[in-house]
Amino acid sequence: MRSVTMKKVLATILALVMALSVTTMAWATDTGVSTLAELQAALTEAAKAGSGNSTIKITKDISVADGESFTSVTVDGYHGAGVVTIEGDNHTISGLTAPLFAGGFAGNSGIVIKNLTLNNVKINDSTNTQGIGAFIGSIDSMPRIELINCKLTNSEIVSTGGARVGGLIGWTSGYNNQNDGPVDTRIIINNCTVDNCKLTAKGSVGGVIGHAGCNPATYHTLSGCTVTNCTLTSTDEGNWRVGTLIGTANVGQVTIEKAAASGNTLAQAEKTAPEGENLYGRSVPNNDGIVVIDGKIDKEASAGKYTAEGSSIVKVNGIIKVDTFENAVKGAKSGDVIELMGNTEVTAQINVPAGVTINGNGYTIKANNANWSADNSAKKLMVLGSNVSVTDVVLDSNNQAGGVQAYAAANVKLHNVTMKNAAKGCGLIVNASQVAVTGKLEMSGNAWGDYINLGWGANVAGAPEKCGVNLAEATLVGVTGVYTDNNDLGNAGVTQDAFATKFEVTAPANWAATKTDDGITWGPKAPEQQPTAPRYYYNSTTTTTDTKADGTKGSPKTFDAGVGIYAVTAVLSVTGMAWAAKKRGN
């Protein structure tokens, strides 16, 4: 009976394993391709209606043989096609005569291409009037477009039908109609190269994108892109529209970072190329377009609302907005990334919600309100919630506001941050929170001596189990130390001896803790005294040793000036530490 029962159990387990195996296979969306025919079939399947998200992996170099042809696919996002990802795995496709993707439209669709080289592409088109690029022809209302580590080499694209031509992408547009939209189209092009190519069109011509941003809801970021040894030509007889990266920057947003261009020839219908880099050929910003190059707004290429005197702009999740930093933070939710586009001043305490990232891009957030203490009950410059990250920023309390406080917050991260001029207290207060610091942490001019206060306020709700600061991977500049006073310990319900049950300091290797009557302080260890040669104060051969009246030698010296100075210095040092701790506790 036991044998029969055991067989039934084993059979049931085997059936479950087989069922799970089949289910897992049904969930898989990856397709490996090694020939042009396999690539054509995989792309056609991935782009069709109802296909959802798909991934195609190139497993070897592919060349178009004589007699073979390739037809560009269009991602049918309007009818349920999702994001089509091509992982090139550093392989090359050679000899295409049409773009990989004609384009796509709407829904949750997208195109992601990584680590792929297209070589010896030869496209000669006379019918397309919108956009042609070797990777993507035209992008229309597709939320996600990414080209990462892609290359176009030794190729030629000629359009005589009026299309805009780019080496990688021809034409882009989002959709900002509020009745049945918007569809924000985000285009990210990172570390891509166009080399030794010839691009010719009647419309705009760019080494990377022909026409960027036909609609305001189009957001481009080109980072680390290179265009070299290319001939870019427009036959248009109108205004200049040829650029090494972008032909026309229109009403969308274009951010260019760390671009490089050399050895290129730009030409247009008997016109002379403008002097300078010519990263873009022309700009038609109207009321919405903006171009930012290496962190600075190109005023000639941007709408007046971004460049007007006194205007305030900030980038939220990659989208540049005409708004104040204060308003951007008030409206932020978990997962949002807020970036400064310049130095900014604030008039009230900034409360950063949980999960928000603040990227200062090296700029300064500065208090500017002479009545700060009266207008702000908490009086801090900034208060950070759980899972908040603050990077690459100078936080200047301007001797008006207090410092920066993490309050009942877990997993706060600070990277390359300067905190200075707190009107009261410390530059950084870790209040019943956990904070990790990397990169440089610099402090200066803070009221309580540039310390980090590892504290625990009264009646703090929702705090992590422990309050801690991790400085192991930080470079500290001007930071005096870390301190916790007895009030903090009492609020946490512990004594100095039980400190480790509620507090934790991961300090630099050369720091040590010192207990005082007022609390515990961490700071650099005192330098070790170097051993010196023995000093003998009694020498029978000396003529300066006291001699008693009976002619016998007196006792050796019992006082040395050097020893006395060292002793007095040590007493003053200990007294000073106790005074400083008491001062900080006030």
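Structure shown above.
Asker: Describe the overall build of the protein, with residues and values.
Answerer: What the protein contains, in helices and strands, is seven helices and 50 strands. The contacts of the protein with a sequence gap of at least 6 include a subset with a gap of at least 24, amounting to 71%.

Asker: An account of the side chain of Glu-146 is requested, with residue identities and associated values reported.
Answerer: Relative to the elements of secondary structure, Glu-146 occurs in strand E11 (residues 144-148). Looking at Glu-146, the relative accessible area reads 16%, which means it is buried. In contact with Glu-146, other than residues within four places in its own chain, are Ile-111, Val-112, Ile-113 and Ile-188.

Asker: Outline the pattern of salt bridges, supporting the account with residue identities and numerical values.
Answerer: In the structure shown here, the tally under the stated rule is seven salt bridges. For Lys-48, the salt bridge goes to Glu-45, with nearest N and O atoms at 2.9 Å. Judged by relative accessible area, which is 40%, Lys-48 ranks as partly exposed. Classification of Glu-45 by relative accessible area gives partly exposed; the value is 45%. A salt bridge links Lys-333 to Asp-336, with the nearest nitrogen and oxygen atoms 3.7 Å apart.

Asker: I'd like a rundown of the state of the cysteines, residues and numbers included.
Answerer: By definition, a disulfide links the sulfur atoms of two cysteines through a covalent bond. Counted under the stated rule, the structure contains zero disulfides. Of the cysteine sulfurs around Cys-230, a residue in no disulfide, the closest is that of Cys-197, at 4.7 Å.

Asker: I'd like a rundown of the environment of Trp-372, residues and numbers included.
Answerer: In this fold, Trp-372 is placed in helix H5 (residues 372-375). Residue Trp-372 is classed as buried on the basis of its relative accessible area, which comes to 0%. Once you skip the residues sitting within four places of it in the chain, Trp-372 turns out to touch Val-346, Thr-347, Ala-348, Gln-349, Ala-367, Lys-379, Lys-380, Leu-381, Gln-400 and Ala-401. Of note is the side chain of Trp-372, whose polar atom sits 3.5 Å from the backbone oxygen of Lys-379.

Asker: Give a detailed account of the nonpolar core, specifying residues and quantitative values.
Answerer: Considering soluble globular proteins, one finds that nonpolar side chains tend to be buried as a cluster. Counting residues in each nonpolar core, the largest one holds 70 residues, and the members touching the most others are Leu-100, Phe-101, Phe-135 and Ile-189. Here this core gets six residues from one element, more than from any other, and that element is helix H2 (residues 36-47). Those residues in contact with Phe-101 that lie beyond four places of it in its chain are Leu-43, Ser-72, Val-73, Val-75, Val-84, Ile-86, Ile-111, Ile-113, Phe-135, Ile-136 and Gly-137. In this structure, Ala-328, Ala-401, Leu-441 and Ile-520 belong to the second largest nonpolar core, which totals 58 residues.

Asker: Let's hear about H2: which residues, and what values?
Answerer: With twelve residues, H2 should cover 16 Å at 1.5 Å per step; its first-to-last C-alpha distance of 16 Å lies within 8% of that length. Along H2, the residues classified as buried are Leu-36, Leu-39, Gln-40, Ala-42, Leu-43, Ala-46 and Ala-47. Where the residues of H2 are buried, they touch strand E1 (30-33), strand E2 (52-58), strand E3 (62-63), strand E4 (73-75), strand E5 (81-94) and strand E6 (101-105).

Asker: Lay out the packing of aromatic side chains in plain terms, naming residues and giving numbers.
Answerer: Using the criterion set out here, one finds five aromatic pairs in the structure. Relative to Phe-503, the ring of Trp-456 lies with its centre 5.9 Å away and its plane at 75°, an arrangement referred to as edge-to-face. Of this pair, Trp-456 sits in the loop between strand E45 (451-455) and strand E46 (467-477) while Phe-503 sits in strand E48 (residues 503-506); the two residues are 47 residues apart in sequence, bridging distant segments of the chain. Across this residue pair, the class does not change: Trp-456 and Phe-503 are buried. Aromatic pair Phe-499 and Trp-522: ring centres 5.0 Å apart, planes at 45°, arrangement tilted. Here the residue Phe-499 occupies a position in the loop between helix H6 (486-492) and E48, and Trp-522 occupies one in strand E50 (residues 519-524), the gap between them amounting to 23 residues. Assigned by exposure class, Phe-499 and Trp-522 land together as buried. An aromatic cluster of at least three residues, connected via ring pairs, comprises Trp-456, Phe-499, Phe-503 and Trp-522.

Asker: So what's going on with the sheet that holds strand E24 (residues 242-243)? Residues and values would help.
Answerer: The strand order E9-E14-E19-E24 describes an open sheet built from four strands, whose pairing is parallel. The sheet is open, and its two edges are formed by strand E9 (131-133) and E24, each paired on a single side. Summarising the sheet, E9 and strand E14 (residues 164-166) pair through three bridges and their orientation is parallel. The partner of Gly-133 across the bridge, within E14, is Gly-166.

Asker: Please set out the environment of Asp-236 residue by residue, giving values where relevant.
Answerer: Following the sequence through the fold, Asp-236 ends up in the loop between strand E23 (231-234) and E24. Leaving out residues up to four positions away in the same chain, Asp-236 has contacts with Lys-202, Arg-241, Gln-268, Ala-269 and Lys-271. Looking at Asp-236, its side chain comes within polar contact range of the main-chain nitrogen of Gly-238, at 2.5 Å.

Asker: Residue-level account of unusual backbone geometry, with values.
Answerer: Residues Gly-181 and Pro-182 are joined by a peptide bond in cis, for which omega reads 0°. You can see Pro-182 is positioned in the loop between strand E15 (169-173) and strand E16 (185-190). Positive phi is not limited to glycine here, since Asn-278 has a value of about 55°. Along the chain, Asn-278 turns up in the loop between strand E28 (265-268) and strand E29 (280-283). Positive phi is not limited to glycine here, since Asn-387 has a value of about 60°. One can find Asn-387 in the loop between strand E39 (382-384) and strand E40 (389-396).

Asker: Now, about the sheet that holds E39: what can you tell me, with residues and values included?
Answerer: On the basis of which strands lie adjacent, the open sheet formed by eight strands has the order E36-E39-E41-E43-E45-E47-E50-E49 and mixed pairing. At either end of the open sheet lies a strand with only one pairing partner, and these are strand E36 (350-352) and strand E49 (511-515). Each neighbouring strand pair of the sheet contributes to a mean axis angle of 20°, computed without reference to strand direction. As defined by bridge partners, E39 adjoins strand E41 (residues 404-407) across three bridges and the pair is classed as parallel. For Met-382, the partnering residue across the bridge sits in E41 and is Val-404.

Asker: Quick rundown of the pairing of strand E34 (residues 337-340)? Include the residues and the values.
Answerer: Every regular strand shows the same layout, with side chains that alternate between the two sheet faces. In terms of strand pairing, strand E32 (residues 313-316) meets E34 through three bridges, oriented antiparallel. Of the residues in E34, the one forming a bridge with Lys-315 is Glu-339. As defined by bridge partners, E34 adjoins strand E37 (residues 357-359) across three bridges and the pair is classed as parallel. Each residue of the ladder has a partner; that of Glu-339, found in E37, is Asn-359.

The rules behind these values
Residues numbered from 1 in each chain as written. Predicted model: local features only at pLDDT ≥ 70, side-chain atom pairs only at ≥ 80, totals over all residues. Heavy atoms only, no water. Helix = DSSP H or I, 4+ residues; strand = E, 2+ residues; numbered from the N terminus. Contact = heavy atoms within 4.5 Å. Buried < 20%, exposed > 50% of the residue type's maximum accessible area, 1.4 Å probe, protein only. Salt bridge = Lys/Arg side-chain N within 4 Å of Asp/Glu carboxyl O. Disulfide = S-S within 2.5 Å. Polar contact = N/O pair within 3.5 Å; in protein donor to acceptor, adjacent residues only side chain to side chain. Core = buried A, V, L, I, M, F, W, Y, C linked by side-chain atoms within 4.5 Å. Expected span 1.5 Å × (residues − 1). Phe/Tyr/Trp six-rings, centres within 6.5 Å; stacked < 30°, edge-to-face > 60°. Pairing = 2+ DSSP bridges. Axes fitted to C-alpha atoms, helices over the stretch in contact; angles between N-to-C directions.

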